[in-house]
Amino acid sequence: MTTLVLCVDRADDIGRTVGVSMPVDGWDAVRSLVTEVGLADPEDSTVNCLLEALRVTRDLRSDDEEAIVAVVSGAGDSAVNADRSVAAQIDDLLDRYAPDSAIIVTDSADDERLVPIIESRLPVDSVDRVVVRQARDIESTYYLLKQFLADEELRSTVLVPLGIGLLLLPVLLVRFSLGVALAGLASLLGAAVLYKGLAIDDHLARLPDQIRDALYSGQVSVVTYAVAGGLALVGLFLGGLAVSPVADGVVLVPIMQFFYSSIPWLALAALTASAGRLLDELIDADRIPRPYLNLPFGVVALGLVVRGFAGYFLERENVLPHLQVAGVTVQPTERLALFVVTAIVISLVGVRVAAKVAHDHPSEEDTDAEAVDRS
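Not measured: the values here are computed from a predicted model.

Reading guide: rules and limits
- Residues numbered from 1 in each chain as written.
- Predicted model: local features only at pLDDT ≥ 70, side-chain atom pairs only at ≥ 80, totals over all residues.
- Heavy atoms only, no water.
- Helix = DSSP H or I, 4+ residues; strand = E, 2+ residues; numbered from the N terminus.
- Expected span 1.5 Å × (residues − 1).
- Pairing = 2+ DSSP bridges.
- Contact = heavy atoms within 4.5 Å.
- Axes fitted to C-alpha atoms, helices over the stretch in contact; angles between N-to-C directions.
- Parallel < 35°, antiparallel > 145°, perpendicular 65-115°, else oblique.
- Left-handed = near helix turned anticlockwise from the far one by under 90°.
- Nonpolar A, V, L, I, M, F, W, Y, C, P; charged D, E, K, R; others polar.

Caption draft 1: Layout of helix 8 (residues 178–197). When the terminal C-alpha atoms of helix 8 are compared, their 28 Å separation across 20 residues agrees well with the 28 Å that a helix rising 1.5 Å per residue should span. The positive-phi residue at the C-terminal boundary of helix 8 is Ala199, with phi of around 60 degrees.

Caption draft 2: Here's a closer look at the sheet that holds strand 2 (residues 24–25). A sheet is described by the order of its strands in space; here five strands give the open sequence 2-3-1-4-5, paired in mixed fashion. On the outer flanks of this sheet lie strand 2 and strand 5 (124–129), each paired with one strand and no other. Here helix 4 (residues 79–97) sits on the sheet in contact with strand 1 (2–9), strand 2 and strand 3 (66–73), set at roughly 155 degrees to strand 3.

Caption draft 3: Broad picture of the packing of helix 2 (residues 27–40) against helix 3 (residues 46–62). As a packed pair, helix 2 and helix 3 sit with axes 9 Å apart at the nearest point and diverge in direction by 155 degrees. Between helix 2 and helix 3, the interaxial angle falls into the category roughly antiparallel. Crossing hand, helix 2 versus helix 3: left-handed. Listed contacts from helix 3 to Trp27, Val30, Arg31, Leu33, Val34, Val37 and Gly38 of helix 2 are Val47, Leu50, Leu51, Leu54, Thr57, Arg58 and Arg61. Each residue belonging to the contact of helix 2 with helix 3 can be placed in one class, and the counts come to nine nonpolar, two polar and three charged.

Written as structure tokens, this is what we have:
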């Protein structure tokens, strides 16, 4: 078994330093090349790469394995021409020695780009990357930064928000105090992280196609979603108007006021959106999926629960008048219990209706399964 120990130099550092023709093969020739490169440029890491190739060859031969050491270097005015030059040199070595496998020795991440070229011609058993011990951390950091800057998605995700923040920081410092400037910068970076982390950019990229498909297909949900958005804005607006100034540090009361006033509108918006989706399912299929049947009941039940708890807190703080039924004053706890029980009953009715419809109109999968069981 013959192993080719190959020292690769994609940037042609060896050729520029000593001006020898490539490939260089054989123990004596490579050992002489180490001396020439070291005398020409003692600080070049290629010297360590050549010495590592010689060491690997010596270890293989000590194990009674036939090993041939060689050096290839890229030459050309472009990366493509350099890679083609290396490929031609490898073909020359294969014609002369016909090795069974190769061990590649490199001194940089750029040289490792030649590995696929070598693997296309010869099995590669190992890739040995040589890093000078004193410069290991510096070189590793350099190549990590180089790979980071080469990734377009990472650049746009990290560098663009950071650059905008650094540009805005002086403006905020001139206009506002240091605390406000730092808070604004942190908010900007946080929004950028959430924007990417929640994949909002992907949803926004798909949104025009989804809207176009929905308009062309004549879906009712397009209109109901627009109406639901308007109702939600109305609910948020009325909820904001209902909030009274915070007194004595009590933050809970304004929050409950907002929920109490906005929940009916928000629930109506959710019901409108779910009704549109339900109509689309009725138009497209003979059977309505159970989640779409459960959704309206669940929205109403959830709205009753949230409004009930909000009313309970507001009544306890005397912000909301007590409920009067037939001249009888209903206590806050009784009112809350009424809302909760009503919500549970509506939720159970929704489950019952969905189960009834599913039983009367079984799906195709259930029909096929029953047919298989009977057979």
